[in-house]
Each structure stands twice: as C-alpha cells, then as structure tokens.
2 protein chains.
Amino acid sequence: MEHKKHTPTIKDVARMAGVSIATVSRTINGIDVVNEETVQRVRAAISELNYIPSSAARMLASRKTSTIGLLVPEISGAFFQSMLRGIERGTSLADYDLLIYTTQHILANSDRRSPLAENNTDGLLVFAGSLPQAELLRLSRSQFPVVLLHQTAVEGVQLPAVTVENRQGARSLVDHLIEVHGCRRIVYLEGPHEHEDSMWREQGYRASLDAHGIPFDPALIGHGGFNRHLAQAAIEKLLADNIAFDAVFAGDDDASIGVLVALREAGIAVPQDVAVVGFDDQDFTAALLPSLTTVRAPTEQVGYLAVRQLLRRIQGETVEMKLVLPTALAIRQSCGCG
Amino acid sequence: MEHKKHTPTIKDVARMAGVSIATVSRTINGIDVVNEETVQRVRAAISELNYIPSSAARMLASRKTSTIGLLVPEISGAFFQSMLRGIERGTSLADYDLLIYTTQHILANSDRRSPLAENNTDGLLVFAGSLPQAELLRLSRSQFPVVLLHQTAVEGVQLPAVTVENRQGARSLVDHLIEVHGCRRIVYLEGPHEHEDSMWREQGYRASLDAHGIPFDPALIGHGGFNRHLAQAAIEKLLADNIAFDAVFAGDDDASIGVLVALREAGIAVPQDVAVVGFDDQDFTAALLPSLTTVRAPTEQVGYLAVRQLLRRIQGETVEMKLVLPTALAIRQSCGCG
DNA sequence: ATACTGTATGTAAGCGTTTACATTCACCAT
DNA sequence: ATGGTGAATGTAAACGCTTACATACAGTAT
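Residues numbered from 1 in each chain as written. Chains lettered and ligands numbered in written order. Predicted model: local features only at pLDDT ≥ 70, side-chain atom pairs only at ≥ 80, totals over all residues. Heavy atoms only, no water.

(A) Spotlight on the protein's contact with DNA strand D. With respect to spatial proximity, 26 residues lie near DNA strand D, and among them Ser20(A), Thr38(A), Arg63(A), Ile10(B) and Ser25(B) are the closest. Sugar plus phosphate: this is where 68% of the atoms of DNA strand D within 4 Å of the protein reside. Separating a phosphate oxygen of DNA strand D from a backbone N or O atom of Ser20(A) is a distance of 2.6 Å. The separation between a phosphate oxygen of DNA strand D and a polar side-chain atom of Ser25(B) is 2.3 Å. Breaking the surface near DNA strand D down by element, the ones donating at least two residues are α2 (21–29) and α4 (55–62) of chain A together with α2 (21–29) and α4 (55–62) of chain B. Partitioned by chemical class, the residues of the surface near DNA strand D number 13 nonpolar, 10 polar and three charged. (Near = heavy atom within 4 Å. Polar contact = N/O pair within 3.5 Å; in protein donor to acceptor, adjacent residues only side chain to side chain. Helix = DSSP H or I, 4+ residues; strand = E, 2+ residues; numbered from the N terminus. Nonpolar A, V, L, I, M, F, W, Y, C, P; charged D, E, K, R; others polar.)

The structure is reproduced here in structure tokens:
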C-alpha cells in the first residue's frame, strides 16, 4: 500500500540515488561538475524509475521553453509542406520543439486563449499574412524574437525576414514567354492580397512587359489566390468575358493546376494555344502533361534558414535583416519548349 | 527608476486591480463566480499591462498542458498536408496547441532531450511507423492517451486508431481495372514496410486477382514507397527487366506521379498501353493528363477525427477502438475511362 | 438578537524544476 | 596547527500560476 502511483519527480530520483535534487538536476543538464560515480547512480535511478523531467516546471524555472512557434494563415498548398519540412529540420537539429498555429481563427475572433504564443515559445516564425500589422508592431517593440517568412516590408518595423527572389524569378519567366515564345497577352493571376510574394511577382511581370514595350492591360490580371480552385474560376471568368490571351502566369504552381484544368475543359491546348507557367517548382510539376515550366524556389531552405535566424535572435545575436534566396527558371513544356 | 521592466505577472494585475491573485485567476479562467464589476477592473488591468499568463506556470499548477503532440516519421507527401490540416482544425477548435515531432531522429539516436513528449503534452497522435513497437507498448501500459493514425494492429496492444478503408478501396480499384478494362497483368507498387496501409491495399489487390482467377505474380510487385522517385525507379526497373504489364496500381498518388513520368519517358502511352491508378485522391490528381483514376480517402477527416478521439481519451472518456473511414472510387482517365 | 445561508474574495500551499549561495571535505602550502 | 584552495554536493529561494480552504459580509429565517 505504499505505492501512491504518481509519476516520478526529481525528488524520487534524488532519494533513490541518495543525492540532493540539485545534483540530479546538474547531471541531467550536464552543467557544473558532478562526480562520475554519482552520475552513474543518478542515471541508474532515472532509468529505473522511468523518470521524465516535467517540461512545464523546467520552463518555469529556467524561463525558456525550448520551443518555437510557427504562425501560418492556414495549412494548405504543397508549398507549405516543403517549408514545414525545412522548419522541422531546423528545430529538431537544435533540439527545439515546434508549435504550430493557424491564425485564421485568431484573426477572426481576437479572444483566443493564448493571445500570441509569446508565453509559450522562445520565438516566433511568422508567415506572410498571418498577423495584422498592429500585432507585428507590438511584437517588434516588445523585443520578442521574430522572423518573418515571405514577408519583408512591415510598415515602420524592422524585423528579420527570409524570402525568395520573387521579382527576378518572375521577370525571367515572363521574359522567356515573350522572347522565346512570342507571347504578347499574358495573364497574371495574383495571389492573396496580404501575400507579398504576389506583389513582387507582379512587379517582375510588369517590368518584363515594360522592357519589351508591351502595354500593361489590367484586364489580364485575375485573382488566382495561389489556389487551385480560385485560379480555375479566374480563368473561366476570363474565358467567359472573351478576353483574349496567349499565356498565363498562374502566380504559383498550385494555381497553375486550376489553370490547366480550366483550359483543358475549355478545349484549349497547352502550350499550343496558350502557354502556362507557375512558380515554386513543386514536386508534382514535372508530372503534369505538359510538364510545367516554372520557377524553382528553395522553399525548404527558406524554412530551414528562418529557424537558424530565429535561433540566433533568441541567443541574442544580431542577424541579417533580410535573406533573399535565389530562384531559377525551370523550363519544361507548358511554355512551348521541349 | 521604479520600473524594473519585467514582464507583468498575475501579481501585477492583482495589485493594479486591487484584488488578490486568486480573483485574477478566477476571472481569467471564468471559474467560480466573480462580481461583474470586479471582472471589469481585472480585465482593464490585464489589457493595460498587456498581461499574458505564463503557460509554463499554468501547466505546472494545473497539471495539464492543453497541448497535443503529433508524431510522424517525416514530413513529406501531399498526403501529410491534408491530414495536418484536419488535425490543426481539431486542435484549434478545442483551444489546444499542436506540437509536431519528426521521429526519424528519435529512431536513430535514442538520446533525445524529451524522450517522448509525454511530459509536454496531454496526449499523442502517432502516425504509422513513427514509433517502434516497444515504445508503443510502453505508452499503452503507461495509460498515456494515444491515438494511432493509419495503424491499427500493434502486437499485444489495444490502442484506439483512426484509418481509412484501404482494403476495400484497393479491391474496387483493381476490380475496375480487370472488369472494365480487361487488365490481367497489374503491377502493384508497395509502400514503406512499416506502413500498414500498404499491406491492406495489397490484400485488396490480391483479393481482386483471386476473385477473377488471375494468378498472383510476385514479379509484378515493385517497391514504390509511396514516393514519387522510388516509384519511378521501380517502374524503370520493371521495364529494364522486360516484365510485361498492362496496368499499374501505384500504391498512392505520390507514387503514381513517378509511374507516369517513367512511362512517359519510356514512350509508353497511358492509358492506351498501360493503365495507371493511385490512391488518396490528392489535389493535383485531376490536373494530371490523363487525369488520375484513384481512390478518394478522407484524409483530412482522419486527422480531425483522430483529434476528437484523443481529446475524449484525455477527458477520460472511453472511445471507439477503431474508426475506419470509407473510401470511394474516383474514376478518371488514367485507367482508360472517359 | 441569533443562526444560518450564499456570495465574493482572500490566504497560502503546492506544482517540479533551476540556480545562487552555502557547506563540507580533502589536500596542500605555510 | 593554520589557512587557503577547489571539487562535490547540499539548501532553499525563486519561477507564476491553480485551487482547497478560510474569511467576511449581507440578507433571511428563526
């Protein structure tokens, strides 16, 4: 009747090993010097009792959580998966935990239990559009470690960011369409509004038009939302409106799926009648028929580097304010090549 | 000089509102009755001070973390993304946090900082193949709330599980191939070995062969690993070995991409020369050309329900031991239809 | 007046760690 | 013998909450 069946604590270990809890703590954390023999005894007790330190107690006492938070507007798109993989690699390499938050709810009802995970993490990775400006401002002022993903410009705030070379990538892509395939009426499907990527890509698109003396036609801008279904609807609308075009820059690869489907259903041949290009170079792009011409973006690497940056900030080091990873054209068949 | 600039605690709130910390705690958590007027004062103090409760302290004091952990072998495949979305929906609806662990490292060096997140979460969602039997056994015995994903049979253990109807789905798929398209030599690309799904799908495949009097030919089994690249290699190997076949059941949609690419490169027409079918019905399948015939699996729903089950277990309720969600044929063109 | 009831709040004991500081002891130089 | 040193360990005070229990008070029934 003497087993009160409770999960073992550091005290139990200490008692069993015949030492004080301080010594147990020391051997667990490997700080200070502990006699080798004592270490052995403590280790033995730990595995004997199947002891697992309470991370809550540890966090409370040490004021650090060994956890980083990831804020995303929503989990969707194969894009996200690559980034997450990079992030997970970064955190687990550093022995940090990863907490994921979707902010759609937060944005809607502001009455969340944990206002912002600040109390729950040592730092935050914030994906484009997951937080309103005001919140970002507050975070920045509070000195809480934050790294922005695919978002660089926050009005009046300087927060470190990691993103990819959108403008140049889009520019080369559209250049290719114009120069190699003679396209003149190129549709651009923009992404979500909060999403800075879309703005840069559009700038690249416009710059290319400019450089080639092609006037910008607002009628050729559709809303693809970086999303398959929206993109499909956007193309259907253009078709219904009888807007003529000879190419579609879908905004990203996800959207290009919708474009492909819409065109196919309308009996329009790709790339013979209309060229289609995407952005990101996701896994499935090579398997589409025609295989998709797109821009390769090192998405996993973005995630990984963002974690590295964040970890540095948590350590109090100063980091590069802006990391822009290079992109490269991935020419396949949907533009008319091959 | 009296601002020692520390993050506000419950004490600061209490002082400012002129009440005791107990009252603050009560109003925050909405338990017990608190005078409406007092509530207002406390609320005001909270927002004035920008107070955020320390979740570590809260966890420690209440012995619950409001967090659930997700264990996956690795983050890959579009499949994962759907499931994660469902899981996230479930957790955020219940105001729980979500902690993600990739177990490849754990499986390799067993000397992780947090042996298993048991101390860190109120319950665990364990995806197929992320944990060795022994560990599962230990968890099961420790009474720690666990729900298995896409894995039902753990030797000697009864743990609640959520999965999809693999066998029947595969069976219908192969039936279709045989009955409608007259296929006789159907390749099956198996998934990762730890992955129970693959086993069931193979059983469905075999059952269909049996039912149609077609002998099982081991030469037609390849290793696709539910992965695009492995699948591509597997098909290339079959081709190189001169094994004749008139259809490929790729195991899952990811693998079918590899199959499509391998066949295309070999100049084999789909579906004219060889029919190709997948499993899962991921987002991109409809955009492939030919569009992919596959089996629709409610992956997001699996994630969502798994969370519900887990939360029930955490609440101490008993739950259904096995939830098997129905699958349905998604007939498109890659089998020869349409 | 007295005792009871219910409402609103306060008091203080944990929760399981980390860590600054104190202690002990052996050893060596004086 | 005396003091100083360093290594190994112990003591106890946080850390910021939750919650069982105690208290205070107003209203109501006796």
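Resuming the write-up.
(B) Structural detail: the interface of chain A and chain B. Taken together, the contact pairs 49 residues of chain A with 50 residues of chain B. Here chain A meets chain B over a buried area of about 4,600 Å², counting both sides, of which 55% is carbon and sulfur. Along the contact surface separating chain A from chain B lie one salt bridge. The residue Asp283(B) makes a salt bridge to Arg228(A) at a minimum N-O spacing of 4.0 Å. Inspection of the region where chain A meets chain B yields 18 residue pairs in polar contact (both at pLDDT 80 or more). Of all the secondary structure elements, the ones that give two or more residues to the side of chain A that touches chain B are α4, α5 (77–93), β2 (97–102) and α11 (253–265) of chain A. Looking at the side of chain A that touches chain B, its residues break down into 23 nonpolar, 15 polar and 11 charged. Bridge analysis of β2(A) against strand β2 (residues 97–102) of chain B gives three bridges, and the strand direction is antiparallel. Within β2(B), the position partnered with Leu99(A) by the bridge is Leu99(B). (Contact = heavy atoms within 4.5 Å. Buried area = accessible area lost by both parts, 1.4 Å probe. Salt bridge = Lys/Arg side-chain N within 4 Å of Asp/Glu carboxyl O. Pairing = 2+ DSSP bridges.)

(C) Looking closely at the packing of helix α1 (residues 10–17) of chain B against helix α3 (residues 36–49) of chain B. Residues and elements named next belong to chain B. Remark: α1 packs on α3, axes separated minimally by 9 Å, with the N-to-C direction vectors making an angle of 125°. As judged from the angle between their axes, α1 and α3 are oblique. Between α1 and α3 lies a crossing of right-handed hand. Contact residues: Asp12, Val13, Met16 and Ala17 in α1; Arg41, Val42, Ala45, Ile46, Glu48 and Leu49 in α3. Taken together, the residues that form the contact of α1 with α3 break down as seven nonpolar, no polar and three charged. (Axes fitted to C-alpha atoms, helices over the stretch in contact; angles between N-to-C directions. Parallel < 35°, antiparallel > 145°, perpendicular 65-115°, else oblique. Left-handed = near helix turned anticlockwise from the far one by under 90°.)

(D) Examining the protein's contact with DNA strand C more closely. Taken together, 27 residues lie around DNA strand C, and Ile10(A), Ser25(A), Ser20(B), Thr38(B) and Arg63(B) are the ones closest in. Of what DNA strand C places within 4 Å of the protein, 66% of the atoms are sugar or phosphate. In the model, a phosphate oxygen of DNA strand C is placed 2.5 Å from a nitrogen or oxygen of the Thr38(B) side chain. In this structure, Arg63(B) approaches DNA strand C through a side-chain N or O atom, which is 3.4 Å from a sugar or linking oxygen. Elements represented by at least two residues in the surface near DNA strand C include exactly α2 and α4 of chain A together with α2 and α4 of chain B. Tallied by class, the residues present in the surface near DNA strand C amount to 14 nonpolar, 10 polar and three charged.

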